[in-house]
Amino acid sequence: LVEDVPPPFGYRHLAGERYIDRRGMVLPAPPGWAARTKDQIAADWDYARRCTGRPGNVPVRELADHAPINYVSAVLGVREGP
């Protein structure tokens, strides 16, 4: 779904990659494999604890991560949660 979000014209990517960690911090470059893995595991546990089974939430974090509202809230610095 994510690759279909940008409009087909008038859009261009930023130079380089960015990484949004589980706290919503936008990092200028992805961290190393070990740090990314640790962040993703912690995010899985946090999502399971806080969100699984609540009405309106998607069943797995991997889908919630790519909801447009989660990108926007991270970039604007208004993301809630750990």
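Everything below is about the structure shown above.
Residues numbered from 1 in each chain as written. Predicted model: local features only at pLDDT ≥ 70, side-chain atom pairs only at ≥ 80, totals over all residues. Heavy atoms only, no water.

Student: I tried to follow the overall build of the protein chain on my own but got confused; where do I start?
Tutor: Helices and strands together make up the secondary structure of the protein chain, namely 3 helices and 2 strands. The order of helices and strands in the protein chain, counted from the N terminus, is β-β-α-α-α. Counting every position in the protein chain, which comprises 82 residues, the buried fraction comes to 15%. Sequence-distant contacts, at least 24 apart, represent 32% of the contacts inside the protein chain between residues at least 6 apart. By element, 62% of the accessible surface of the protein chain is carried by carbon and sulfur atoms, the whole surface being about 6600 Å². (Helix = DSSP H or I, 4+ residues; strand = E, 2+ residues; numbered from the N terminus. Buried < 20%, exposed > 50% of the residue type's maximum accessible area, 1.4 Å probe, protein only. Contact = heavy atoms within 4.5 Å. Areas by Shrake-Rupley, 256 points an atom, 1.4 Å probe, with all protein chains shown as cover.)

Student: Sorry if this is basic, but what is going on with a nonpolar patch on the surface here?
Tutor: A cluster of nonpolar side chains, namely I69, Y71, V72, L76 and V78, defines an oily patch on the protein surface of about 490 Å² accessible area. Residue position: V78 is located in the segment after α3 (68–76). (Patch = residues over 30% accessible without salt bridge, like charges linked within 9 Å, V, L, I, M, F, W, Y side chains within 5 Å. Salt bridge = Lys/Arg side-chain N within 4 Å of Asp/Glu carboxyl O.)

Student: What exactly am I supposed to notice about the pattern of salt bridges here?
Tutor: Where charged atoms from two side chains of opposite charge approach closely, those side chains can pair. For the structure shown, the criterion picks out 2 salt bridges. D39 is paired through a salt bridge with R22; the nearest N and O atoms lie 2.9 Å apart. Of this pair, D39 sits in helix α1 (residues 33–50) while R22 sits in the loop between β1 (19–20) and β2 (26–27), and the two are 17 residues apart along the sequence. One salt bridge connects D46 with R49, and the closest N-O pair in it is separated by 2.6 Å. With a gap of 3 residues between them, D46 and R49 both fall in helix α1, about one helical turn apart. Taking the relative accessible area as the measure of exposure, D46 reaches 14% and is therefore buried.

Student: What is the right way to read the environment of V60 from this model?
Tutor: With respect to the helices and strands, V60 occurs in the loop between α1 and α2 (61–64). In this structure the C-alpha to C-alpha distance between V60 and D44, which are 16 residues apart in sequence, comes to 8.2 Å.

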